[in-house]
Amino acid sequence: KAGVTQTPRYLIKTRGQQVTLSCSPISGHRSVSWYQQTPGQGLQFLFEYFSETQRNKGNFPGRFSGRQFSNSRSEMNVSTLELGDSALYLCASSGLAGGSTDTQYFGPGTRLTVL
Amino acid sequence: AQKVTQAQTEISVVEKEDVTLDCVYETRDTTYYLFWYKQPPSGELVFLIRRNSFDEQNEISGRYSWNFQKSTSSFNFTITASQVVDSAVYFCALSGYNAGNMLTFGGGTRLMVKP
């Protein structure tokens, strides 16, 4: 099976711009989660989507949003970029079908640099 | 609130030494899941192990072993006869039963194995 794929792998934006990152989960997986990784804050949960619905949301401002499509692919959007948004954004998918925790498999990440 | 602490930020060993990475967690959930992930320089988080709170059996997989002790809220990871390829950042993570796929990560331990 192909793993989780994320595009693009690298992005450079300037403050005030917006950006959209894409994630394709492992075939058959219906849950997609997003995480932000920075040197200062470490790995932090952004949100999780399951069957096109946001199921969990971390403690991030409303500038961070996401969505999931019927084929389980997911996008996250960051509007009005700030310097502090520079980070590695990781997407993870799992085959979760119910309410318990499943194992998440991560993609290679998108490294976003905001200038 | 959930919390994961990896007190060792960086460990350096010489090849063939054994090394233990510590993980201490806090949760109010009675059912929860613990994970270890490896992050090589490429950035992708690689899943190593998942353990639920009702299974305190230690596990061994090749050179890797895990010691789960509920009494001390610890889930430590030992690499036996370390190799240069083990050099990476290792993350311990926790998810509560009702948290879906929201993982709370520790700060990570950077392991450097020198030849």
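Predicted model, so just to flag it, every value in this text is computed and none were measured. (Residues numbered from 1 in each chain as written. Chains lettered and ligands numbered in written order. Predicted model: local features only at pLDDT ≥ 70, side-chain atom pairs only at ≥ 80, totals over all residues. Heavy atoms only, no water.)

Visitor: So what's going on with the overall build of chain B? Residues and values would help.
Guide: For chain B, the count of helices and strands is 0 helices and 12 strands. Its helices and strands in sequence order give chain B the pattern β-β-β-β-β-β-β-β-β-β-β-β, from N to C terminus. Computed over its C-alpha atoms, the radius of gyration of chain B comes to 14 Å, within 12% of the 13 Å expected for a compact globule of 115 residues. In terms of its C-alpha atoms, chain B occupies a principal-axis envelope of roughly 45 × 25 × 20 Å. Within chain B, buried positions represent 47% of all 115 residues. Put simply, of all contacts in chain B between residues at least 6 apart along the chain, 57% involve residues at least 24 apart. Here chain B has roughly 5600 Å² of accessible surface; of this, 48% comes from carbon and sulfur atoms. (Helix = DSSP H or I, 4+ residues; strand = E, 2+ residues; numbered from the N terminus. Rg over C-alpha atoms; globule rule 2.2 N^0.38 Å. Buried < 20%, exposed > 50% of the residue type's maximum accessible area, 1.4 Å probe, protein only. Contact = heavy atoms within 4.5 Å. Areas by Shrake-Rupley, 256 points an atom, 1.4 Å probe, with all protein chains shown as cover.)

Visitor: I'd like to hear about the interface of chain B and chain A, residue by residue, with values.
Guide: In this assembly, 20 residues from chain B lie in contact with 24 residues from chain A. Across the chain B/chain A interface, buried area totals approximately 1800 Å², and carbon plus sulfur atoms make up 53% of it. Seen at the junction of chain B and chain A, the total is 0 salt bridges. Counting the contacts that link chain B with chain A gives 8 residue pairs in polar contact (both at pLDDT 80 or more). By residue number, the principal contributor to the side of chain B that touches chain A is strand 5 (residues 32-39) of chain B, which donates 4 residues. (Buried area = accessible area lost by both parts, 1.4 Å probe. Salt bridge = Lys/Arg side-chain N within 4 Å of Asp/Glu carboxyl O. Polar contact = N/O pair within 3.5 Å; in protein donor to acceptor, adjacent residues only side chain to side chain.)

Visitor: Give a detailed account of the environment of Tyr33(B), specifying residues and quantitative values.
Guide: If you trace the backbone, Tyr33(B) turns up in strand 5. For the pair Tyr33(B) and Ser53(B), spaced 20 residues apart in sequence, the C-alpha separation works out to 6.0 Å.

Visitor: Please set out the packing of aromatic side chains residue by residue, giving values where relevant.
Guide: Each aromatic ring pair is characterised by the separation of its centres together with the angle its planes make. Scanning the model with the defined rule gives 20 aromatic pairs over all chains in all. Aromatic side chains Tyr105(A) and Phe47(B) sit 5.7 Å apart centroid to centroid with 65° between the ring planes, which places their arrangement in the edge-to-face category. A residue pair is termed interchain when its members come from two chains, as with Tyr105(A) in strand 10 (residues 105-106) and Phe47(B) in strand 6 (residues 46-52). Relative accessible area serves as the criterion here: at 36%, Tyr105(A) is assigned to the partly exposed category. Classification of Phe47(B) as partly exposed rests on a relative accessible area of 25%. Plain terms: the ring middles of Trp36(B) and Phe77(B) are 5.3 Å apart, the flat faces sit at 50° to each other, and that makes the pair tilted. Placement of Trp36(B) in strand 5 and of Phe77(B) in strand 9 (residues 74-79) is noted, with a sequence separation of 41 residues between them. Across the pair, Phe77(B) and Trp36(B) agree in class, each one buried. (Phe/Tyr/Trp six-rings, centres within 6.5 Å; stacked < 30°, edge-to-face > 60°.)

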